[in-house]
Amino acid sequence: MNQTKRMMLKIGDKVSVLDEDLTGRITNVTGETVTIVTEDGFEMVFDKKELVLIKNESELQSKSFTNVSFSELLKEKESPRRKPTVKKKVKERFQPTMEVDLHIHQLTDNASRMSNYEMLTLQLDTAKKQLEFAIGKRIQKVVFIHGVGAGVLKMELEYLFGRYPNVTYYDANFQKYGVGATEVYIYQNVSAD
């Protein structure tokens, strides 16, 4: 049982206030609320838990600050400081974390010997592998650079991205990529059904 609950405070008792340099005599007790008159004549209301009964004057003086060093008090009151966070510029926050260039000359050295179908298949396989990699590594944004051309690769990419329930795709930043890139946003907290 807590000591404050066992402590019976009554009118006339001398008390000290916890966490404050105040003492006074009790003038009223109502439930858990106690009214005291301080030594300076001010009437104040406290909860019983905030008061300590003073049985004799020597007990009060032994609790004075003369025996405690100032540095010990500062250590007690200091709170641990938070590490400063590194702020990113607004542009950096919205930059994609991964870029995949699907231009055929970036994917193979012998593009001149490949048919259009083979080139498209290589580009789509690369896009699928990179998207699977990004999902596995919890990368949130990926830009697939496909170029303008006739728009066949872009249509096929949209069909590929549409098969993933946790993916949204849209045109990438026009200022940086022009019209030849698609940005994919991967939702991270989607439950697998």
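Residues numbered from 1 in each chain as written. Predicted model: local features only at pLDDT ≥ 70, side-chain atom pairs only at ≥ 80, totals over all residues. Heavy atoms only, no water.

Let's shift gears to the packing of helix α6 (residues 116-136) against helix α7 (residues 152-162). Interaxial distance between α6 and α7 falls to 11 Å at its minimum, and their mutual angle equals 35 degrees. As α6 runs across α7, the sense of the crossing is right-handed. Contacts from Leu120, Gln123, Leu124, Ala127, Lys128 and Leu131 of α6 reach α7 at Val152, Leu153, Glu156, Leu157, Leu160 and Phe161. Taken together, the residues that form the contact of α6 with α7 break down as nine nonpolar, one polar and two charged. (Axes fitted to C-alpha atoms, helices over the stretch in contact; angles between N-to-C directions. Helix = DSSP H or I, 4+ residues; strand = E, 2+ residues; numbered from the N terminus. Left-handed = near helix turned anticlockwise from the far one by under 90°. Contact = heavy atoms within 4.5 Å. Nonpolar A, V, L, I, M, F, W, Y, C, P; charged D, E, K, R; others polar.)

Our focus in this paragraph is the sheet that holds strand β4 (residues 43-47). Ordered by their spatial adjacency, five strands build an open sheet running β4-β3-β2-β1-β5, and the pairing between neighbours is antiparallel. Strands with a single pairing partner mark the edges of an open sheet, and in this sheet they are β4 and β5 (51-53). Strand-to-strand twist across the sheet, computed as the mean angle between neighbouring axes with direction ignored, equals 45 degrees. Looking at chain direction, strand β2 (residues 23-30) and strand β3 (residues 33-38) are connected through six bridges and run antiparallel. Of the residues in β3, the one forming a bridge with Ile26 is Ile36. (Pairing = 2+ DSSP bridges.)

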